[in-house]
Amino acid sequence: MEFRGSHILSVDQFDRGDVERVFEVARKMLPFTQRKRVTRILEGAVLGNIFFEPSTRTRISFGSAFNLLGGNVRDTTSEESLSLAKGENLHDTASVLSGYCDVLVMRHSEAGAVAEFSSQSRVPVINGGDGANEHPSQALLDLFTLDQEMRDKSKRVDGMRIAIVGDLRFGRAVRSLCGLLSVFDSLDVRLASPAQLTLPETLKEKLISQGHTVHEFDSLEPALASCDVVYMTRIQTERFATAKEADLYRGRLRLNRKIYEAWCDPETIIMHPLPRDSRRKARELDEDLNPNPNLAIFRQTDNGLAVRMALFALVLDVADKFEENAKAVPWYRA
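Residues numbered from 1 in each chain as written. Predicted model: local features only at pLDDT ≥ 70, side-chain atom pairs only at ≥ 80, totals over all residues. Heavy atoms only, no water.

Undergrad: Explain helix H7 (residues 201–209) residue by residue, including any values.
TA: Turning to H7, its buried residues are Leu203, Lys204 and Leu207. End-on, the buried residues of H7 take up no more than an arc of 100 degrees, which puts them together on one face. Turned more than 90 degrees off the buried face of H7, the exposed positions are Thr202 and Ser209. Considering only its buried residues, H7 is in contact with helix H6 (172–181), strand S7 (188–192) and strand S8 (213–217). A positive phi of about 90 degrees marks Gly211, the residue just after H7. (Buried < 20%, exposed > 50% of the residue type's maximum accessible area, 1.4 Å probe, protein only. Helix = DSSP H or I, 4+ residues; strand = E, 2+ residues; numbered from the N terminus. Arc of directions from axis to C-beta. Contact = heavy atoms within 4.5 Å.)

Here it is, written out as structure tokens:
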């Protein structure tokens with residue numbers, strides 16, 4: 001993949017070498033995310049953060065990542081704040097905004113809308129999530145976290161056993177993660193979901209065609225046995241016709257301390273793309289696991305900064321230059 005000037009729209013763009021290149025740059029970004037060093041390599045550059053769906057981690061971490069590289073951020077958080085509310089189409093909006101910004105991140109409720117937008121943009125566009133379709137930067141940060149966590153346990157992503165649990169039909173983080181997992185080797189993938197919310201056949205077939213083993217379960221516990229990682233997801237309420245329909249599945253598959261200790265190995269890593277649904281009838285990842293040192297969900301969010309900094313550095317072609325003006329942060333205290 002030629003990163004310079006490219007849109008980042010789908011995990012299908014990435015091969016193993018591309019993923020490793022992102023990880024290489026992301027690891028170099030960690031001292032900057034930890035406020036040990038500072039760089040102004042993107043000073044004068046402008047990011048347009050265009051989010052038409054609610055977001056905490058993706059929107060703010062993309063903005064923070066750009067700021068940490070020295071750039072400026074302009075946020076838009078609803079269609080009503082743009083001329084789309086007056087009838088302007090995505091074609092014209094992209095043409096205009098790409099004249100104001102050097103890179104754009106977009107989230108939209110409709111699958112394919114970000115790709116449509118990017119086709120008229122004069123600057124790189126990064127997909128921040130398009131409906132139930134994809135979320136490529138989430139998959140990259142999830143795999144970067146997996147790589148870091150497995151290294152800490154003297155293991156590798158290749159050959160790991162991973163249980164992926166919850167709404168596998170509508171969860172765009174899951175769909176992108178499964179797509180990107182296919183570039184690794186010899187995985188044992190356990191898919192646990194209600195029968196109506198299984199992973200699309202195309203993604204299962206892609207994993208199998210790449211030599212991975214795929215098992216499906218309609219309950220949680222059997223999927224957990226001897227796994228290295230359990231990746232929990234919430235029911236994607238916003239993708240159902242009604243909240244009442246989503247309620248049929250909410251709370252069916254729950255991981256808590258009792259289940260973890262009974263079924264998981266002591267070093268099993270716990271992940272979740274967040275937000276987790278902490279309401280009483282949901283709680284797919286219970287707060288009683290918060291003290292568990294294998295709970296990696298907040299290390300995941302921290303890693304989002306490094307991965308998103310890496311993506312900006314790669315598409316704007318400064319990945320090999322940001323050290324030139326880097327320096328220590330004078331107020332940092334270990």
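Picking up where we left off.
Undergrad: Please give an account of the sheet that holds strand S5 (residues 125–130) that cites residues and values.
TA: What the 4 strands build is an open sheet, ordered S3-S2-S4-S5; its pairing is parallel. Since the sheet does not close on itself, it has two edges, and those belong to strand S3 (72–76) and S5, each with one partner. Sheet twist, expressed as the average angle between the axes of neighbouring strands with direction ignored, equals 15 degrees. Where strand S2 (residues 46–51) lies against strand S4 (residues 103–108), 5 bridges are found, and the strand directions are parallel. The partner of Phe51 across the bridge, within S4, is Arg107. Strand contacts of helix H2 (residues 57–68): S2, S3, S4 and S5, with the helix running at about 180 degrees to S2, the strand carrying the most contacts. (Pairing = 2+ DSSP bridges. Axes fitted to C-alpha atoms, helices over the stretch in contact; angles between N-to-C directions.)

Undergrad: Requested: an account of a positive patch on the surface, with residues and values cited.
TA: A contiguous patch of positive charge, built from Arg254, Arg280, Lys281 and Arg283, is present on the exposed surface. With respect to the helices and strands, the residue Arg283 is situated in the loop between strand S10 (269–271) and helix H11 (297–315). (Patch = residues over 30% accessible without salt bridge, like charges linked within 9 Å, V, L, I, M, F, W, Y side chains within 5 Å. Areas by Shrake-Rupley, 256 points an atom, 1.4 Å probe, with all protein chains shown as cover. Salt bridge = Lys/Arg side-chain N within 4 Å of Asp/Glu carboxyl O. Lys, Arg positive; Asp, Glu negative; His and termini not counted. Charge placed at Lys NZ, Arg CZ, Asp CG, Glu CD.)

Undergrad: Provide a residue-level description of the pattern of salt bridges, including the pertinent values.
TA: In the structure shown here, the tally under the stated rule is 26 salt bridges. Put simply, Glu24 and Arg21 hold a salt bridge, and the shortest N to O gap is 3.2 Å. On the criterion of helical spacing, the pair formed by Glu24 and Arg21 is a turn pair, its members being 3 residues apart in helix H1 (residues 16–33). Taken together, the salt bridges that share partners define one network made up of Arg16, Glu20, Arg156, Asp158 and Asp185.

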